[in-house]
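# Understanding the architecture of this molecule
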Amino acid sequence: MKKQWWKESVVYQVYPRSFNDSNGDGIGDIKGITEKLDYLKNLGIDVIWLSPVYKSPNDDNGYDISNYKDIMDEFGSMADWEELLAEIHNRDMKLIMDLVVNHSSDEHAWFAESRKSKDNPYRDYYIWRPGKDGREPNNWESTFSGSAWQYDEATDEYFLHVFSKKQPDLNWENEKLRREVYDMMNWWLDKGIDGFRMDVINFISKEEGLPDAPNPEGNKYVGGGQYYINGPKIHDYLQEMHQEVLSKRDILTVGEMPGASVEDAKLYTDPNREELNMVFTFEHMDLDSGPGGKWNFKHLRLRDLKENITKWQKGLHSIGWNSLYLNNHDQPRMVSRFGDDKTYRIESAKMLGTFLHMLQGTPYVYQGEEIGMTNIRFDSIDDYRDIEILNMYKEKVVEGNEPHDKVMESIYVKGRDNARTPMQWDESENAGFTTGTPWIEVNPNYREINAEQAVKDNNSIYHYYRKLIQLRKENPIIVYGDYTLLDEENEKVYSYLRSYNNQRLLVVTNFSAEELDYKVPAEFSDGELLIGNYLDVDRTVESTIQLRPYEARVYIG
Ligand code: NOJ
């Protein structure tokens, strides 16, 4: 397997709006990030992934870009961004930027032109169609509720928006548009960035004819994803992008890919095919969704997680590369979701970190994960800010007839704002995030859960993550070793082996609050403890070990 810096790195995601506010306007900003670089360096982070900081009207917190080559006023200036990049590089870290090119904002200059007339030179930068039988061109539903089409009076046609109606989809069929995107990517790379995280990049190729989706239940609108997820020309586009942009530099590329299977991921990440380094799969994030999708919660079965992770670990081994994550700005907090955010918050956060960081792939840490931040429960829908939550609530409760309480419960469990409450820096007002009024309320638990306290306490989740990251630097087996699942049937303990050259690693993680006996495989009898989340553990291995609630141990032998 080829050694690469991005396989050996740990990435930290910054969601700028919620990270650190330097000027008291209640919104995180770029100078605020620069102020905290030593904190990240001290954690051992190699790469920072910055969620969008481009000009944007913020319909979807920056994932709706109105100028790809400029910085959002609320976040600062290009000079601030250049300083951030320089300071990141001074500390020997790298920066990857978010690339959002499935869609732009409807306030982008291209779209302003495009909607003017049918023969405008920018018309074909977007996807326009006439209505059909007095309604939308097809029955696709937007990811953020309602139709995926918006009528525009000026030309009496509809434009496609898979996300909000302020996020019109770009038309990748148009070569001129593709050239503009590649030029823009090269422009950022020339400024010195180290790669891209590519937003829903497997949505950019749409099926010819944009057919209606099957609709057996006769709903007003239905998914439609099968006609744009991993679409017919996706590999052509990515290979072209590789040739025009990516191949010229030694960078990190990760494609966000809802609906990509491991078979798809092999194609996307096999270096011989010259597309991307790795993808973000959604499969493990969907294991606690019921048949009704994301808002239809069901408890995670550990065996489902084992089956899924094992499929990806084995599937990509020596072909492509995995990204490893349990959190990001779109997902609830992992400790509330897969651990216990009350009695065993610290233990379960460390256990989940161990489980993830010992797998093969590049780990991603989402801001606040390293201090065990938890989900939020706001009493009023008015305290929520996320367009996905607000549109869904409006559709189901205000316009539909679902009970308020039931829908709020689903928001508590799955809503994206769980991840977007401000980073908890210290116990001062507003968690030290801002001296002003935060754009979204701070989680009231910041007096107990905050970075200042975590950095001071050697036994904190923060220091445990530091150690996990440091171990990766010292033990190539963590990066390059292969993976074997153990004890597949066990409903409570997830254990696996890694092996590399003549070394082996045994990872044992208790996903429950129960005390359990675990039989260590015989060949590990002379192993030694590498890391564990309880302090009083012997370094040597016994044939049966007693696991405590959410205990994690890693042995090397
Ligand atoms: C995925 C991003 O992570 C999410 O935050 C955003 O809403 C959609 N793509 C649309 O850009």
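Now for a quick tour of the structure. None of these values were measured; they are calculated from a predicted model. (Residues numbered from 1 in each chain as written. Predicted model: local features only at pLDDT ≥ 70, side-chain atom pairs only at ≥ 80, totals over all residues. Heavy atoms only, no water.)

### Examining the layout of surface pockets
Estimates place the volume of the largest pocket at around 1500 Å³. What lines the largest pocket is a set of 49 residues, and nearest its centre among them are Thr143, Gly293, Lys294, Trp295 and Glu388. The dominant element in the lining of the largest pocket, judged by the number of residues it contributes, is helix α12 (residues 404-414), at six residues. Of the residues contributing to the lining of the largest pocket, the split by class is 17 nonpolar, 14 polar and 18 charged. Taken domain by domain, the makeup of the lining of the largest pocket includes at least three residues from each of domain 1 (11-102 + 175-465) and domain 2 (109-160). (1 Å grid on protein atoms, 1.4 Å probe; cavity = no way out; pocket = protein on both sides within 12 Å on 5 of 7 lines; lining within 4 Å. Points joined across faces, edges and corners; volume = space filled by probe spheres on them. Helix = DSSP H or I, 4+ residues; strand = E, 2+ residues; numbered from the N terminus. Nonpolar A, V, L, I, M, F, W, Y, C, P; charged D, E, K, R; others polar. Domains from an automatic or database assignment.)

### Quick look at the sheet that holds strand β7 (residues 149-152)
Taken in spatial order, the three strands line up as β6-β8-β7 in an open sheet, and their pairing is antiparallel. In this open sheet, the two strands that pair with only one neighbour each are β6 (128-129) and β7. Bridge count for β6 against strand β8 (residues 157-160) is two bridges, and the pairing is antiparallel. Opposite Trp128, over in β8, you have Phe159 as the bridge partner. (Pairing = 2+ DSSP bridges.)

### Quick word on empty space enclosed by the protein
Taken as a whole and judged by the stated rule, the model has five cavities of 30 Å³ or more. Taken as a whole, the largest cavity holds about 100 Å³ of empty space. Along the walls of the largest cavity sit Thr281, His284, Asn308, Ile309, Trp312, Gln313, Asn322, Ser323, Leu324, Tyr325, Leu356 and Leu359, which together make up its complete lining. Only α8 (302-316) and β14 (323-324) provide two or more residues apiece to the lining of the largest cavity. For the lining of the largest cavity, the element with the highest residue contribution is α8, accounting for four residues. Looking at the lining of the largest cavity, its residues break down into six nonpolar, six polar and no charged.

Such coordinate-based values are descriptive only and should not be taken to indicate function.
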